[in-house]
Amino acid sequence: MLPLSFISEITVDVFNFIILIRFLTSKKTTSNHSEIILLSALNLSNTLLYWLFPLDNNFLFFHIISNAIYISKLGPLRHLAYSTMIPVFILITILLTYSKGGYILKTSYCLSIYYLVSKTIKQCKSNNKNIKTSSVYILLSIDHFTAFIILIMKGISTNWHQSHYLHYFNFLAITIFPLTFIVINAKFRRLFLN
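Before going into details, it helps to say that this report is about the structure given with it. (Residues numbered from 1 in each chain as written. Predicted model: local features only at pLDDT ≥ 70, side-chain atom pairs only at ≥ 80, totals over all residues. Heavy atoms only, no water.)

**What about a nonpolar patch on the surface?**
Taken together, the side chains of Phe6, Ile7, Ile10, Val14, Leu48, Tyr50, Trp51, Leu52 and Phe53 present a nonpolar region at the surface, about 900 Å² in accessible area. Of all elements in the fold, only helix H1 (4-25) and helix H2 (34-52) reach the threshold of two or more residues within the nonpolar patch. Its place among the elements puts Ile10 in helix H1. (Patch = residues over 30% accessible without salt bridge, like charges linked within 9 Å, V, L, I, M, F, W, Y side chains within 5 Å. Areas by Shrake-Rupley, 256 points an atom, 1.4 Å probe, with all protein chains shown as cover. Salt bridge = Lys/Arg side-chain N within 4 Å of Asp/Glu carboxyl O. Helix = DSSP H or I, 4+ residues; strand = E, 2+ residues; numbered from the N terminus.)

As structure tokens, this is what we get:
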């Protein structure tokens with residue numbers, strides 16, 4: 001029997017693939033929620049990197065790029081043109097890469113979670129159509145908070161693998177990550193075809 005964590009990872013990858021295919025094959029490919037498409041592409045890239053180079057330490061790849069996506073797409077510079085946004089994204093990525101999991105990366109997580117929650121609140125305060133998609137952003141913030149906890153736990157020098165709390169945390173991660181992409185897929189038309 002397959003372990004639950006493996007089934008969870010496959011579920012996330014399948015829904016990421018579906019989201020990307022539906023986005024690429026839709027007649028109207030412009031989106032106000034491009035951070036979700038970028039996140040799906042990032043998750044698939046992270047899986048491919050892990051399968052191609054299982055011995056390399058690519059743990060920080062997801063953490064660096066996801067924070068750069070959220071800060072540049074949801075932060076105060078979100079209204080900039082794409083020609084200006086891309087250099088900002090590259091600059092944030094370089095800064096987070098050279099921080100090597102230090103305080104700058106942890107601060108970027110706090111900023112990303114703040115921007116996701118702010119987007120959720122803004123969606124809830126607007127019209128009925130946006131209220132229905134606000135669940136996606138609240139799940140993304142919980143998803144990102146869970147990834148932040150994983151990053152923090154990896155940096156703790158205690159023997160986390162033998163902790164009896166690990167079983168509870170595994171359940172949280174196995175539940176939250178697939179649920180996020182299932183909800184994104186369910187709300188896809190409202191998110192991208194409005």
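**As for the packing of helix H4 (residues 82-99) against helix H5 (residues 103-125)**
One way to put it is that H4 packs onto H5 with a least axis distance of 7 Å and a crossing angle of 130°. The angle between the axes of H4 and H5 places the two elements in the oblique class. Of the residues in H5, those in contact with Leu95, Leu96 and Ser99 of H4 are Ile104, Leu105 and Ser108. Grouping the constituent residues of the contact of H4 with H5 by class yields four nonpolar, two polar and no charged. (Axes fitted to C-alpha atoms, helices over the stretch in contact; angles between N-to-C directions. Parallel < 35°, antiparallel > 145°, perpendicular 65-115°, else oblique. Contact = heavy atoms within 4.5 Å. Nonpolar A, V, L, I, M, F, W, Y, C, P; charged D, E, K, R; others polar.)

**Details of the side chain of Ser108**
Take Ser108: it is sitting in helix H5. Within polar-contact distance, the side chain of Ser108 engages the side chain of Asn67 at 3.3 Å. Looking at Ser108, its side chain comes within polar contact range of the main-chain oxygen of Leu105, at 2.5 Å. (Polar contact = N/O pair within 3.5 Å; in protein donor to acceptor, adjacent residues only side chain to side chain.)

**Topic: the packing of aromatic side chains**
Going through the model one piece at a time under the given rule, you end up with two aromatic pairs. Across the ring face of Tyr103, the terminal group of Lys106 is positioned such that the distance to the ring centre comes to 5.5 Å. (Phe/Tyr/Trp six-rings, centres within 6.5 Å; stacked < 30°, edge-to-face > 60°. Lys NZ or Arg CZ within 6 Å of the ring centre and 35° of its normal.)

**Side note on the nonpolar core**
Ranked by internal contacts, the top residues of the largest apolar core, which has 36 residues, are Leu39, Leu140, Phe181 and Ile184. Mapped by element, the contributors of at least two residues to this core are H1, H2, helix H3 (59-74), H4, H5, helix H6 (128-155) and helix H7 (166-186). The element best represented in this core is H3, accounting for eight residues. With near-sequence residues (within four places) excluded, Leu39 lies in contact with Phe62, Ser66, Ile69, Tyr70, Leu140 and Phe181. (Core = buried A, V, L, I, M, F, W, Y, C linked by side-chain atoms within 4.5 Å. Buried < 20%, exposed > 50% of the residue type's maximum accessible area, 1.4 Å probe, protein only.)

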